[in-house]
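Overview (structure and organization)
Here is how the chains run, residue by residue.
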Amino acid sequence: KKMKILIACEYSGVVRDEFLKLGHDAISCDILPCESEYYTEDDGHYRGDVMDILYEDWDMMIAHPPCTYLSNAGARWLYRKKGELNQERYKLGLEGKKFFMDLYNAPIEKICVENPISSRVFEMPKHTQTIQPYEYGHPYSKNTRLWLKNLPLLEPTNIVEKKGTFLPSGTSRYKHTNKNKGKKFPLTDKERSKTFKGVAKAMAAQWGK
């Protein structure tokens, strides 16, 4: 059955493209232009606020809301010296949580919201499962949580040996090539947010039936 699917907060088209390949009416949405390797924006990308189209008649939504202020990785900026809460950053985190919950509570039958581990102070709802890139053919670890509604757990498709962490602590990481071994390169927000292709393929294959 052909489904109408919204891929929220995705500029790369990685997840959208896998559903398009299966014949679904899939649309990605982001404030950035689409950078798909396979399709153009005309093939299904809404550049703008996802709230503009959230309440249309969707069969499924897979959402990747920003995690900048929610993620546990940014906890060192959330607290000032002596454990004092950074109120400005805390407020931004609460705004991020509201956006997350708006997506999670959208009137769509099938929902998946993806995010990394969040800071406890934001009291996020209990996640459904945690997945790792190395379970889908990519030899890295990166704790990714999924909040699912009316969707089965995402099953591993290609478990490979883990070679390292995709997002080490700090503001840079080692590029995973022998040529650049020992050299550090900045990891952009775009690189951090892009879904692994193996995960995208699993989502389409298992949820796009």
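Higher on the page you've got the structure.
What counts as what
- Residues numbered from 1 in each chain as written.
- Predicted model: local features only at pLDDT ≥ 70, side-chain atom pairs only at ≥ 80, totals over all residues.
- Heavy atoms only, no water.
- Phe/Tyr/Trp six-rings, centres within 6.5 Å; stacked < 30°, edge-to-face > 60°.
- Helix = DSSP H or I, 4+ residues; strand = E, 2+ residues; numbered from the N terminus.
- Lys NZ or Arg CZ within 6 Å of the ring centre and 35° of its normal.
- Buried < 20%, exposed > 50% of the residue type's maximum accessible area, 1.4 Å probe, protein only.
- Lys, Arg positive; Asp, Glu negative; His and termini not counted.
- Salt bridge = Lys/Arg side-chain N within 4 Å of Asp/Glu carboxyl O.
- Contact = heavy atoms within 4.5 Å.
- Pairing = 2+ DSSP bridges.
- Axes fitted to C-alpha atoms, helices over the stretch in contact; angles between N-to-C directions.

Moving on: the packing of aromatic side chains. Here a ring pair, both rings aromatic, is described through the centre-centre distance and the interplanar angle of the planes. Tallied over the entire structure, the rule returns five aromatic pairs. Each ring, one from Tyr-140 and one from Phe-166, has its centre 5.7 Å from the other, and the planes form 40°; the classification is tilted. Placement of the pair is Tyr-140 in strand S7 (residues 140–141) and Phe-166 in the loop between strand S9 (164–165) and strand S10 (172–174), with a sequence separation of 26 residues. A connected cluster of aromatic rings, assembled from ring pairs, spans Phe-100, Tyr-104 and Trp-147. Here the basic side chain of Lys-4 rests over the ring of Trp-58, its NZ or CZ set 4.8 Å away from the ring centre. A cation over an aromatic ring shows up here: Lys-149 above the ring of Tyr-104, its NZ or CZ 4.2 Å from the ring centre.

Here Glu-10 is to be found in the loop between strand S1 (4–8) and helix H1 (14–21). One buried charged residue, Glu-10, remains without a salt bridge, the closest side chain of opposite sign being Arg-16 at 5.5 Å. If we ignore the near neighbours within four places in the chain, the residues touching Glu-10 are Val-15, Arg-16, Ser-28, Cys-29, Asp-30, His-45 and His-64.

What follows deals with the sheet that holds strand S8 (residues 144–149). Strand order across the open sheet formed by seven strands is S3-S2-S1-S4-S5-S8-S6, with mixed pairing between neighbours. Every other strand in the sheet has two partners, leaving strand S3 (45–47) and strand S6 (129–131) as the edge strands with one partner each. Strand after strand, the sheet turns through a mean of 20° between neighbouring axes, direction not considered. The pairing of strand S2 (residues 25–30) with S3 spans three bridges and is classified as parallel. Its bridge partner lying in S3, Cys-29 is registered against Tyr-46.

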